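So the chains spell out like this:
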Amino acid sequence: MKKFFVFILLSVTALPLFAGSAIRGKIMDTDTHSPLQYVDVALFKIGSKSLTSGVTTDSLGAFVFPSIDDGKYIMRITFIEYTTVTKTVEIAGKPVDLGIINLKGNTKNLGEVEVVGQAPQMRFDIDKKVFSVDQNISAAGGSASDILKNIPSVNVDTQGNISLRNNANVEVWIDGKASGLTADNRAQVLEQMPAESIESVEIMTNPSAKYNPEGSAGIINLVMKKNHKAGYYGSVSAGLIYPFGGKLGSSLGASINYTSTKVDAYINLGYRDMNFQGGGYTNRTTYNGNNTLLLNQNSTMTNSFSGLFTRAGINYHLDIKNTIGLNGFGLAGSGNTTNDIHYLLTNPVLMNALPLRNYSQNNTGTSTRPSLNVNLDYEHDFNNKGSNLLANLSYSSHNRESDNSYVQSNAGSAPQSEIAQNSTNNSKTGEFKLDYTGKINENSKLEAGWQSDVTNMTTSASGYDKLHLMGIPSYYNNFNYDEQIHAAYVTYGTKFDQLSVQGGLRGEYFRKKSTNTTSNAVQPIAPKSYTELYPSLYLTYALPNDNELQLNYSRRVNRPRGQQINPFHNYSDSTRITYGNPNLDPEFTSSVELNYLKSWGEQTISASVYYHYTDNVIQNVQFLHSGVMESSFLNVTKSQNTGLELIAKNRLLSMLNLTTSLNLYYSKLDNAVYVNPYDSTITTRIPGQDNFSWTANILANITMSKTFSGQVTARYNSPQIIAQGLKQDKYSIDLGVRKTFLDRKLSVNLNVRDLLNSNKDRSTTSGTGFSQRSESYFHTRMVNLSISYNFGNSKPRKEDIKKKQEPQEPDMEDVEQ
């Protein structure tokens, strides 16, 4: 993202030369005292975020702004592998000679991978927040899921489920594309994706009409590492991971990047062999007249997997205006799971009574989960002012096949039942996108585009009774789901002095159809189609003294898919049977946000006040059916969520860099009535619920020397309401240290995740005839030791340097979400 930020700063067109005074100077290397060529020098008028002018230094390190109006300016001097320098310059009717300005190198060779001191871990834009994670120590040797745990406002639970600002309806993209990731498969993909392959994480909480409106909470975009210099650059890495109570795991990685005038290419490989421990308990009390029963359930689980994650791509520059690219990623791996569950059924009213039943169930399973995503891209630049046409054709396939065995027996006796179950889940998506951006003038921009998605998801399952040597009809299920989405959008943005405005509208046609086949019959499900409009509006005002204020609105959708709509019954826990609801309707959310951004020196603070209104809220609801707990999904009510998000970035002294976030939420669920699907006379009326909750996250980077640094991450989530109860609070702490050698080519990382072994999900729920308390955990405390070595001969590309020297028009204040 550093290269992208520099590009945005410097790809603006120079203003016409009016009568004014010149500013000149010379850039030198502090250590070698030699002139630096191709250094970027940008000039901003104080009180304005717009670039006044930008130049680069010549072969003697000299630069000159030939004619600048009187006033006070901020000059920003940036160069790859050197510390950025900011100076205040005042023009008062005569030329200004700044003399020699020294830049201090923050790396000697491989600066974009290992930096001396601390690179900023977060960059604020008024439209999004960008978190640099390529130097994240506490996640070194880990996965993409470990990276996301360190991002403010993002929560990853013990099962790998992701939420943003307490909302699980969030989209996760890779390099700006959905890549076929859904709530059903992204936990597995992100757990296998190496943390070292990610450069930054972008958080967009209220995207504009240009983007797919899926995900009422917003979009989390993983920006993968890319080399921006000519030549080659690569790295190799290896690590050992020890989960307390489990077996030693390992990781291996390798990457190579090559860049030239005509070709950019890369390939990344990451192998992980992991073994996790998990478990939990559920204490459920059921009431039936005068009969009260207590079921205590305890479980211990081992989950192991190994797999190879591969990412590769190539871009070919046909000429200066046309580029074609092919890229993608693949995942191949397998896993094994063992879950031992013990049940004890008693009557708590009868003191010293013998247990009514004491039994156990052993669940074992093996699975494979191949995934593939391929993208064909084409880009045409109409001019050097930012007008372009982007076309993308992509295909993604995410599959999973599993074989499971469920053995149940009373205490001390032979198995009473032994069931084998086979299931397959296949998801395939094809997508076509066409995006046009037209710069009307220096202050106005028009965007328009088209997107079509076609998706097919199939799941099948069958069961076999191994004791009686016969098939089990109730375990047979085949669910087929087809979906099409066709969308067109247009956005227009312009600027009036300090006020920037962008409005957009997206129209989508959605159609879905599905069938469910059981052992008895084919069950057709009525197809549904609808057309919806998704408007967006953004107002940004640049205040004096480097302040910004933005008000925005958008409408978004959360469409139920996968397990939420699949009627397949999961019998892995005989006391809690789960299944989906194919008749679910989508949730629609209207979001309003007021954002404020203030920067001064090394300190930055961002404040966001937001309000979300959602109808057709989807919740997991539990029912008692013949004494057995069953759960499914229903559209239950409407909700309102109001919050305040505060994020601060502070550099204290020269060794401590802090990123602190605090989120305050007020959530309200309206009155709801749940109807038991097996007996419509049984209803549960739940009065409206409201709850105040909050989360906090602190990320501290500590530089002890040029080659030794550390990191501490602490997070806390307060209690949160759910449809039938309350999710309890939780907290965790991660520690990490890094030591570099051989001119920072070699680095050794040691970290401990979940130091206090406290990252557990706990909840209390109740409904008609029952109440229960439960706790579960998936990852225990883990220690990770990793080592990496970087190599290469990268240097700035000639064509990149030439592009920076071409005269270009200044861009408008970017208000795009």
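Residues numbered from 1 in each chain as written. Predicted model: local features only at pLDDT ≥ 70, side-chain atom pairs only at ≥ 80, totals over all residues. Heavy atoms only, no water.

**A closer look at the overall build of the chain**
- Within the chain, the regular secondary structure consists of four helices and 46 strands.
- Here the chain, with 817 residues, has 52% of them falling under the buried criterion.
- As displayed, the chain offers around 35400 Å² of accessible surface, 58% of which is attributable to carbon and sulfur atoms. (Helix = DSSP H or I, 4+ residues; strand = E, 2+ residues; numbered from the N terminus. Buried < 20%, exposed > 50% of the residue type's maximum accessible area, 1.4 Å probe, protein only. Areas by Shrake-Rupley, 256 points an atom, 1.4 Å probe, with all protein chains shown as cover.)

**Description of the sheet that holds strand β6 (residues 85-91)**
- One open sheet holds the four strands; their spatial order is β3-β2-β5-β6, and the pairing between them is antiparallel. The sheet terminates laterally at β3 (51-56) and β6, the two strands that pair on one side only. With direction set aside, neighbouring strand axes in the sheet form an average angle of 25°.
- Note: strand β2 (residues 40-45) against strand β5 (residues 71-78), six bridges, orientation antiparallel. Note that in β5 the partner of K45 across the bridge is Y73. (Pairing = 2+ DSSP bridges. Axes fitted to C-alpha atoms, helices over the stretch in contact; angles between N-to-C directions.)

**What to know about the pairing of strand β28 (residues 522-543)**
- One ladder, built from 18 bridges, connects strand β27 (residues 499-518) with β28; its direction is antiparallel. From the neighbouring strand, R506 faces β28, where its bridge partner is Y534.
- Hairpin connection, β27 to β28: the antiparallel pair is bridged by three residues.

**Concerning empty space enclosed by the protein**
- This structure, assessed with the given rule, holds twelve cavities of 30 Å³ or more.
- Each pocket or cavity is described by its volume, and for the second largest cavity that value is around 360 Å³.
- Together, 30 residues line the second largest cavity, and K149, N155, V156, R715 and S732 are the ones closest to its centre.
- The element contributing the most residues to the lining of the second largest cavity is strand β41 (residues 730-741), with four residues.
- A per-class count over the lining of the second largest cavity returns nine nonpolar, 13 polar and eight charged. (1 Å grid on protein atoms, 1.4 Å probe; cavity = no way out; pocket = protein on both sides within 12 Å on 5 of 7 lines; lining within 4 Å. Points joined across faces, edges and corners; volume = space filled by probe spheres on them. Nonpolar A, V, L, I, M, F, W, Y, C, P; charged D, E, K, R; others polar.)

**Thoughts on unusual backbone geometry**
- A positive phi angle, close to 55°, is found at L469, a residue other than glycine.
- Positionally, L469 belongs in the loop between β24 (444-465) and β25 (470-471).
- Overall, L469 belongs to the exposed group, its relative accessible area being 62%.
- One non-glycine residue, D743, lies in positive phi territory at about 60°.

**Looking at the confidence of the model for the chain**
- With 87% of its residues at a pLDDT of at least 70, the chain reaches an overall mean of 82.
- Counting interchain partners and residues more than four positions distant, the pLDDT-below-50 stretch residues 1-19 has 45 contacts.
- Below a pLDDT of 50 lies the segment residues 107-120, which in the model reaches 48 contacts outside its immediate sequence neighbourhood of four places, other chains included. (pLDDT = per-residue confidence, 0-100. Contact = heavy atoms within 4.5 Å.)

**Here's the deal with the packing of aromatic side chains**
- Within this structure, the stated rule accounts for ten aromatic pairs.
- Both rings, one in Y242 and one in F244, keep their centres 5.6 Å apart while their planes meet at 50°; by these two values the pair is tilted.
- Residue Y242 is classed as partly exposed on the basis of its relative accessible area, which comes to 35%.
- Judged by relative accessible area, which is 36%, F244 ranks as partly exposed.
- With a centroid separation of 4.6 Å and an interplanar angle of 15°, the aromatic rings of Y343 and Y359 are classed as stacked. In this pair, Y343 is assigned in strand β19 (residues 322-346) and Y359 in strand β20 (residues 357-368), connecting sequence segments 16 residues apart. Each member of the pair, Y343 together with Y359, is buried.
- An aromatic cluster of at least three residues, connected via ring pairs, comprises F510, Y530 and F588.
- Positioned above the aromatic ring of Y359 is the side chain of R357, whose terminal nitrogen or guanidinium carbon lies 3.7 Å from the ring centre.
- Here the guanidinium or amino end of K760 rests over the ring plane of Y777, the centre of that ring lying 5.3 Å away. (Phe/Tyr/Trp six-rings, centres within 6.5 Å; stacked < 30°, edge-to-face > 60°. Lys NZ or Arg CZ within 6 Å of the ring centre and 35° of its normal.)

**Quick look at the nonpolar core**
- Core analysis: the biggest nonpolar cluster contains 29 residues, and L148, I162, M193, V201, I220 and L222 have the highest contact counts within it.
- Listing elements by their share of this core, those giving two or more residues are α2 (144-148), β10 (154-156), β11 (162-164), β12 (170-174), α3 (186-192), β13 (198-204), β14 (218-224) and β19.
- Excluding its chain neighbours within four sequence positions, the residues that come into contact with M193 are G142, S143, A144, I174, I198, L222, M224 and F309.
- Formed by 20 residues, the second largest nonpolar core is a distinct cluster that contains V55, F63, I77 and Y82. (Core = buried A, V, L, I, M, F, W, Y, C linked by side-chain atoms within 4.5 Å.)

**Observations regarding the pattern of salt bridges**
- What the rule picks out here adds up to 19 salt bridges.
- With a closest N to O distance of 3.9 Å, R311 and D175 form a salt bridge. With R311 in strand β18 (residues 291-317) and D175 in the loop between β12 and α3, this residue pair connects regions lying 136 residues apart in the sequence.
- With a relative accessible area of 4%, R311 lands in the buried category.
- Bridged by salt links that share partners, the residues E214, E483, R506, E508, R559 and R561 form one connected network. (Salt bridge = Lys/Arg side-chain N within 4 Å of Asp/Glu carboxyl O.)

**What to know about the side chain of Q711**
- Secondary-structure assignment places Q711 in strand β38 (residues 708-717).
- A distance of 2.6 Å separates polar atoms of two side chains, one belonging to Q711 and the other to N701. (Polar contact = N/O pair within 3.5 Å; in protein donor to acceptor, adjacent residues only side chain to side chain.)

**Digging into the side chain of E508**
- Assignment of secondary structure puts E508 in strand β27.
- Judged by its relative accessible area of 2%, E508 is buried.
- A distance of 3.0 Å separates the side chain of E508 from the side chain of R506, its partner in a polar contact.
- With sequence-adjacent residues up to four places away left out, E508 is seen in contact with N212, P213, I485, H486, A487, Y530, T531, E532, Y534 and R559.

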